[in-house]
Amino acid sequence: MPPVDPALAAARTAVRAQLADLHPDDLVLVACSGGPDSVALAAVTSSEARRVGRSVRSRGYAVRAGAVVVDHALQPGSARVAQRAAEQCRGLGLDPVVVRRVEVRQGSDGLEAAARDARYAALEEIAATTGAAAVLLGHTLDDQAEQVLLGLARGSGTRSLAGMPARRAVFRRPLLGLRRAHTERVCAVVGIDPWIDPTNDGTAAGAPLRSRVRDRLLPVLGDVLGPGAVEALARSADLLRDDADLLDLLAADLLATARSAVDPADVDPAETRVPEGPAAVVLDVTPLAEAPAALRRRALRAAALETGCPAGTTTARHVDALDALVVRWRGQGEVHLPGGARGVRACGRLVLRSGGRPGAAPATHHEE
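Residues numbered from 1 in each chain as written. Predicted model: local features only at pLDDT ≥ 70, side-chain atom pairs only at ≥ 80, totals over all residues. Heavy atoms only, no water.

## Some words on the confidence of the model for the protein chain
- Confidence along the protein chain averages 87 in pLDDT terms, with 88% of residues attaining 70 or more.
- A low-confidence stretch, residues 272–276 stays under pLDDT 50, and its non-local contacts, those more than four residues away or across chains, total ten contacts. (pLDDT = per-residue confidence, 0-100. Contact = heavy atoms within 4.5 Å.)

## Some remarks on the pattern of salt bridges
- Under the counting rule described, the total for this entry stands at 26 salt bridges.
- Across the pair Glu48 and Arg51 runs a salt bridge, and its minimum N-O distance is 3.2 Å.
- Accessibility expressed as a relative area gives 1% for Glu48, which makes it buried.
- Since its relative accessible area comes to 43%, Arg51 is described here as partly exposed.
- Residues joined in a network through salt bridges with shared partners are Asp37, Glu112, Asp143, Glu146, Arg180, Arg210 and Arg214. (Salt bridge = Lys/Arg side-chain N within 4 Å of Asp/Glu carboxyl O. Buried < 20%, exposed > 50% of the residue type's maximum accessible area, 1.4 Å probe, protein only.)

## A few points about the nonpolar core
- One finds Leu19, Val28, Cys89, Leu94 and Val186 to be the most contacted residues of the largest nonpolar core, which totals 35 residues.
- Looking at this core, the elements that each hand over two or more residues are α1 (6–19), β1 (27–31), α2 (36–49), β2 (64–71), α3 (78–91), β4 (134–136) and α7 (180–190).
- By residue number, the principal contributor to this core is α2, which donates seven residues.
- In this structure, Leu94 is in contact with Ala42, Ser46, Ala65, Gly66, Ala67 and Cys89, ignoring residues within four places of it in sequence. (Core = buried A, V, L, I, M, F, W, Y, C linked by side-chain atoms within 4.5 Å. Helix = DSSP H or I, 4+ residues; strand = E, 2+ residues; numbered from the N terminus.)

## Comments concerning the pairing of strand β3 (residues 97–101)
- In this structure, β2 lies alongside β3, joined through five bridges in parallel fashion. Among the inter-strand pairings, Val68 is bridged to a residue of β3, identified as Val98.
- In this fold, the crossover linking β2 to β3 by way of α3 has right-handed handedness. (Pairing = 2+ DSSP bridges. Right-handed = clockwise from strand over helix to strand, strands pointing away.)

## What about the sheet that holds β1?
- In space, the six strands of this open sheet follow the order β3-β2-β1-β4-β6-β5, with mixed pairing throughout. The outermost strands of the open sheet, each flanked by one partner alone, are β3 and β5 (167–168).
- Its contacts with the sheet place α3 against β2 and β3, and it is angled at close to 170° to β3. (Axes fitted to C-alpha atoms, helices over the stretch in contact; angles between N-to-C directions.)

## Focus: a nonpolar patch on the surface
- On the surface, Leu217, Val220, Val224 and Leu225 cluster together into a nonpolar patch covering about 390 Å² of accessible area.
- Within the element layout of this structure, Val224 appears in helix α8 (residues 209–225).
- With a relative accessible area of 64%, Val224 lands in the exposed category. (Patch = residues over 30% accessible without salt bridge, like charges linked within 9 Å, V, L, I, M, F, W, Y side chains within 5 Å. Areas by Shrake-Rupley, 256 points an atom, 1.4 Å probe, with all protein chains shown as cover.)

## Overview of the side chain of Ser38
- Of note, Ser38 is situated in helix α2.
- In this structure, Ser38 is in contact with Val30, Ala31, Cys32 and Ser33, ignoring residues within four places of it in sequence.

## A closer look at the environment of Thr314
- Among the secondary structure elements, Thr314 is positioned in the loop between α12 (293–306) and α13 (316–327).
- Separated by 24 residues in sequence, Thr314 and Pro338 have C-alpha atoms that sit 6.2 Å apart.
- Ignoring anything within four residues of it in the chain, the contact list for Thr314 reads Arg301, Ala304, Leu305, Cys309 and Pro338.
- Within polar-contact distance, the side chain of Thr314 engages the backbone oxygen of Pro310 at 2.6 Å. (Polar contact = N/O pair within 3.5 Å; in protein donor to acceptor, adjacent residues only side chain to side chain.)

## Things to note about the packing of aromatic side chains
- Counted by the stated rule, this structure contains one aromatic pair.
- A centroid spacing of 5.0 Å and a plane angle of 80° characterise the contact between Tyr120 and Phe171, whose relative ring orientation is edge-to-face. Taken together, the positions of Tyr120 in helix α4 (residues 111–130) and Phe171 in strand β6 (residues 171–172) put the pair 51 residues apart, joining distant regions of the chain.
- By relative accessible area, Tyr120 is classed as buried at 2%.
- Judged by its relative accessible area of 4%, Phe171 falls in the buried class. (Phe/Tyr/Trp six-rings, centres within 6.5 Å; stacked < 30°, edge-to-face > 60°.)

Rendered as structure tokens:
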């Protein structure tokens, strides 16, 4: 028997690890764009899903594997690209294969963020309707490094610098420990011709920021810092994620304490009434002021997101302004927040009201 190509072997091992906890007949969906990363993931998942459990159970069992292709309709011919990806997935034996066209509405976070939100919403909805146990995403180690660099450039906090988790909710990223060169090699080995997204050419004029980071910045980092620069960025993300998870838990406890310290009898209903959208958040400033700054600021940002502030445009400047209402109170007026939300201090309470937009809902954020 000829030796298995090292890139294919590494991909198989990575996918197998993410499927190991699934049960007989569970359905796993591969999010496939037709590009090298997701096509390689689809090919490996198709073969590995049939092998899950055979090494630990005498009779063995198989996990069902399907795919979802999301058409963002942002480029000419996008429907044709989506159908081609779907045909490749069916050719690999994946079933069901769902093609979903989404409407991308650009908001304050920009077109890329709007497309990402629309894509994840579609994936979550399809996972729910099909009863899928997991949705596999094709992000690689290179994507993780890009995520960390973009967070650094934006002056983001620990959560953003923590990059993308291998698992969150229904989503799993089996290839997060592999380089993009691995997925390209897998496509070549299994004989699949992936689609190359023209917007991924970071050398082109007007290329998206992420593409420019990929094609221009990462190679320079490798040249200057050495070939392990990408792996080092990913390791930093792993370390920061542990810190961010702990801080988030502590901040959530602080937010609950500040919320519960408010006596409902002392709150004027008019103070929290919002015609449309999420209810106002009312917090007692005393436990907030007594908390360490890192926890307080994290709790304030979470409260802002709860009122519907977009995650991508709720910056350190907005959190600073809310923090000033708590620890540097000099009778200043209300703080204007993204999405039309506002924060104001009165009678020892911090009140954050949503913008009252029709259909507004607490902000959600997905990595990449």
